[in-house]
Structure formats: C-alpha cells, structure tokens
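Each chain, letter by letter, is given below.
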Amino acid sequence: MDLSPVTEALAVKSFDKIADICDNLMLQVASEGISFHDDWPYAIHLLGYFYVDDCDSARFLWKTIPTSVKESKPEVVAAWRIGQRLWTRDYAGVYEAIRGYDWSPEAKDMVAAFSDVYTKRMFQLLLSAYSTIAIRDLALFLGMTEDDATTYVVENGWTVDTASQMVTVKKQAVKREQKVDSSKLQRLTEYVFHLEH
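Counting of residues starts from 1 at the beginning of each chain's written sequence and follows it residue by residue. Given that the model is predicted, a residue must reach a pLDDT of at least 70 before its local features are reported, and side-chain atom pairs must reach 80 or more before they are shown or counted; all residues, however, enter totals for whole chains, interfaces and linings. Excluded from the side-chain calculations are hydrogens and water; all other atoms, namely the structure's heavy atoms, are used.

Concerning the overall build of the protein
- When helices and strands are counted, the protein shows eleven helices and three strands.
- To qualify as a helix, a DSSP run of H or I must reach at least 4 residues; to qualify as a strand, a run of E must reach at least 2; elements of each kind are numbered from the N terminus. Shown N-terminal to C-terminal, the secondary structure of the protein runs as helices and strands in the order α-α-α-α-α-α-α-α-β-α-α-β-β-α.
- In this description the radius of gyration comes from C-alpha coordinates, and the expected globular size is given by 2.2 Å times residues to the power 0.38. The C-alpha atoms of the protein give a radius of gyration of 24 Å, which is well past the 16 Å a tight globule of 197 residues would have.
- Along the first, second and third principal axes, the C-alpha set of the protein runs to 80 × 55 × 30 Å.
- For every residue, the accessible area (1.4 Å probe, protein chains only) is compared with the maximum for its type, and the residue is labelled buried under 20%, exposed over 50%, or partly exposed between those bounds. Counting only residues that meet the buried cut, the protein has 37% of its 197 residues in that class.
- Any two residues whose heavy atoms approach within 4.5 Å at even a single point are treated as in contact. Residue pairs at least 24 apart in sequence account for 56% of intrachain contacts in the protein once pairs closer than 6 positions are excluded.
- Element-wise, carbon and sulfur atoms account for 52% of the exposed surface of the protein, whose accessible area totals about 12,300 Å². Every accessible area reported is derived by Shrake-Rupley at a probe size of 1.4 Å, with residue values counting cover from the shown protein chains alone.

As structure tokens, then:
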C-alpha cells in the first residue's frame with residue numbers, strides 16, 4: 001500500500017488536503033480488495049478531518065475503525081479524544097486532549113497546526129459572540145494561560161479592565177461590497193441617456 005501522497009502532504013504541511021487524500025487512498029485500496037486496516041494512518045486521517053472542521057466525517061471514520069486497531073494504537077484513541085471534545089463543544093477540553101498525549105513525529109506538526117487553527121476559530125467565535133468576557137473564560141476558550149490569552153487579544157485590539165478582570169471585544173468593521181449587475185448598469189446608462197436627449 002502506497003501512502004506516499006499522505007507523507008508528502010505532511011512534509012509540505014498541506015494539512016488542509018490530508019483528509020481528502022486519505023479518503024481517496026482508502027477508496028482506492030478498498031476497491032482493489034487490499035487489507036489495509038492494520039497499516040492505515042487512522043490518527044492522521046482523523047486529525048485531517050479535525051483540521052478542516054469536519055467532525056461528522058471523523059465520527060463516521062471512527063465507527064469504521066476495527067476494535068483491534070483502537071486497542072493497539074493509542075495515538076488513534078488520543079486523536080479521537082480531540083474529536084469527542086469537539087463534538088461536545090468542550091472548548092477547553094480540546095486543548096487538554098491536544099496536550100494530553102505525546103504525539104508521534106508524523107502527527108506532531110499536524111497537531112500543532114490544528115491547535116493554531118482551532119485557536120483562531122475560537123477567537124472568531126468570541127469576536128462574534130461576545131462584547132465583554134471574563135479573562136478566566138477567555139483563557140479557557142483560547143487554551144492559554146490568562147496572561148497569554150490577555151496578551152493575544154490585546155495584540156488584536158481588545159481592551160482589558162484589570163480591576164474587573166474583563167476584556168472588551170473590539171468588533172471588526174463589516175465590509176460590504178456593492179456588486180453592480182451589468183444589466184442594472186446597462187439600464188442606468190439607458191435612463192441617463194434618455195434624460196439627456
């Protein structure tokens with residue numbers, strides 16, 4: 001079984017393509033009737049789904065993994081622990097699951113990249129959902145210490161009230177692009193032409 005496309009994607013840090021590559025390879029190998037369960041990079045496959053925020057597919061993959069693989073490969077179980085936390089929206093638990101396992105060299109970079117992407121997603125969630133938030137809660141959402149979380153959001157323009165231990169969210173200005181349909185532009189041109197003549 002040739003897993004070189006997965007290895008190459010990991011080497012160049014194309015983590016957003018891992019899930020699709022694994023899906024295609026799995027279909028190809030399964031269609032050829034090759035037994036692949038013992039050698040399949042299930043942890044990488046699960047992490048690929050988490051990276052692109054596809055928990056549904058990860059859940060279905062988990063259900064297809066043989067029990068023997070789940071029992072013999074603790075990294076697969078550790079990857080699924082992240083999925084369980086994502087599924088239940090246990091935001092702080094996601095970071096605990098990430099830090100709670102000593103990842104293999106193949107998975108270490110991908111887990112670190114996922115952690116960064118997940119922190120950015122949580123930041124966007126906080127940005128859209130809160131006007132003020134307690135520093136303690138902010139740290140849980142971002143998976144950081146209170147000092148690190150405060151520094152992270154201050155760098156993004158948020159303000160901190162140390163007396164109340166609250167952070168005020170700086171809302172981003174909404175950019176609206178006005179799209180002009182060519183038919184509308186044509187009608188406007190004809191109307192102006194009609195008024196002038």
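Considerations on the packing of aromatic side chains
- Two rings belonging to Phe, Tyr or Trp (six-membered ring only in the last case) form a pair when the distance between their centres is within 6.5 Å. Interplanar angles under 30 degrees mark stacking, angles over 60 mark edge-to-face geometry, and anything in between is tilted. In this structure the tally under the stated criterion is eleven aromatic pairs.
- In this structure an aromatic cluster arises from ring pairing among Phe50, Tyr95, Phe114 and Tyr118.
- Counted as over-ring charges are cases with an Arg CZ or a Lys NZ within 6 Å of the ring centre that also lie within 35 degrees of the ring normal. Taking NZ or CZ as reference, Lys70 lies 4.2 Å from the ring centre of Trp62, over its face.

Re helix α10 (residues 146-154)
- Regarding α10, the residues found buried are Ala149, Thr150 and Val153. With its buried residues spanning 100° around the axis, α10 presents them on a single face.
- Those residues of α10 that are buried are in contact with α8 (105-129), α9 (135-142), β2 (159-161) and β3 (166-168). Taking the helix axis as origin, the arc is that swept by the directions to the C-beta atoms.

Some details on the nonpolar core
- The term nonpolar core refers to a set of buried residues drawn from Ala, Val, Leu, Ile, Met, Phe, Trp, Tyr and Cys, joined through side-chain atoms within 4.5 Å. In this structure, Leu46 and Ile82 are the most contacted members of the largest nonpolar core, which totals 59 residues.
- Looking at this core, you find at least three residues from each of domain 1 (1-104) and domain 2 (130-196).
- Look past the residues within four positions of Ile82 in its chain and what remains in contact with it is Leu47, Phe50, Val94, Ala97, Ile98, Trp103 and Phe114. Segmentation of the chain into domains, including their bounds, is taken from an automatic or database domain assignment.

Details of the domain arrangement of the protein
- Under the domain assignment used here, the protein contains domain 1 (1-104) and domain 2 (130-196).
- Placing a centre on the C-alpha atoms of domain 1 and another on those of domain 2 gives a separation of 34 Å.
- Domain 1 puts four residues into the contact, and the matching count from domain 2 is four residues.
- Here domain 1 packs against domain 2, burying approximately 350 Å² in sum over the two surfaces, 62% of which is carbon and sulfur.
- Of all residues in domain 1, Tyr91, Ala92 and Tyr95 give up the largest surface area on contact with domain 2, accounting jointly for 86% of the area buried on that side.
- Here, a salt bridge means any Lys or Arg side-chain nitrogen found within 4 Å of an Asp or Glu carboxyl oxygen. There are zero salt bridges connecting domain 1 and domain 2.
- Side-chain atoms alone can form a polar contact between residues adjacent in sequence; in general such a contact is a pair of N or O atoms within 3.5 Å, and within protein one must be able to donate a hydrogen while the other accepts it. Summed over the shared surface of domain 1 and domain 2, the number is three residue pairs in polar contact (both at pLDDT 80 or more).
- Looking at the side of domain 1 that touches domain 2 residue by residue, the class counts come to three nonpolar, no polar and one charged. The term buried area refers to how much accessible surface (probe radius 1.4 Å) is lost by two components on association, counted for both of them together. Charged means Asp, Glu, Lys or Arg here, nonpolar means Ala, Val, Leu, Ile, Met, Phe, Trp, Tyr, Cys or Pro, and polar covers whatever is left, Gly included.

Observations regarding the sheet that holds strand β1 (residues 132-134)
- Strand order in the open sheet formed by three strands is β1-β3-β2, and the pairing between neighbours is antiparallel. Each having just a single partner strand, β1 and β2 make up the two edges of the open sheet. Shown here is a sheet whose adjacent strand axes are inclined to one another by a mean of 25°, direction ignored.
- Should DSSP find at least two bridges between two strands, the strands are taken to pair. Looking at chain direction, β2 and β3 are connected through three bridges and run antiparallel. Bridging across to β3, Asp161 finds its partner in Met166.
- The convention used is that axes are lines fitted to C-alpha atoms, helices contributing only their stretch in contact, and that angles between N-to-C directions extend from 0 to 180 degrees. Strand contacts of α9: β1, β2 and β3, with the helix running at about 85° to β1, the strand carrying the most contacts.

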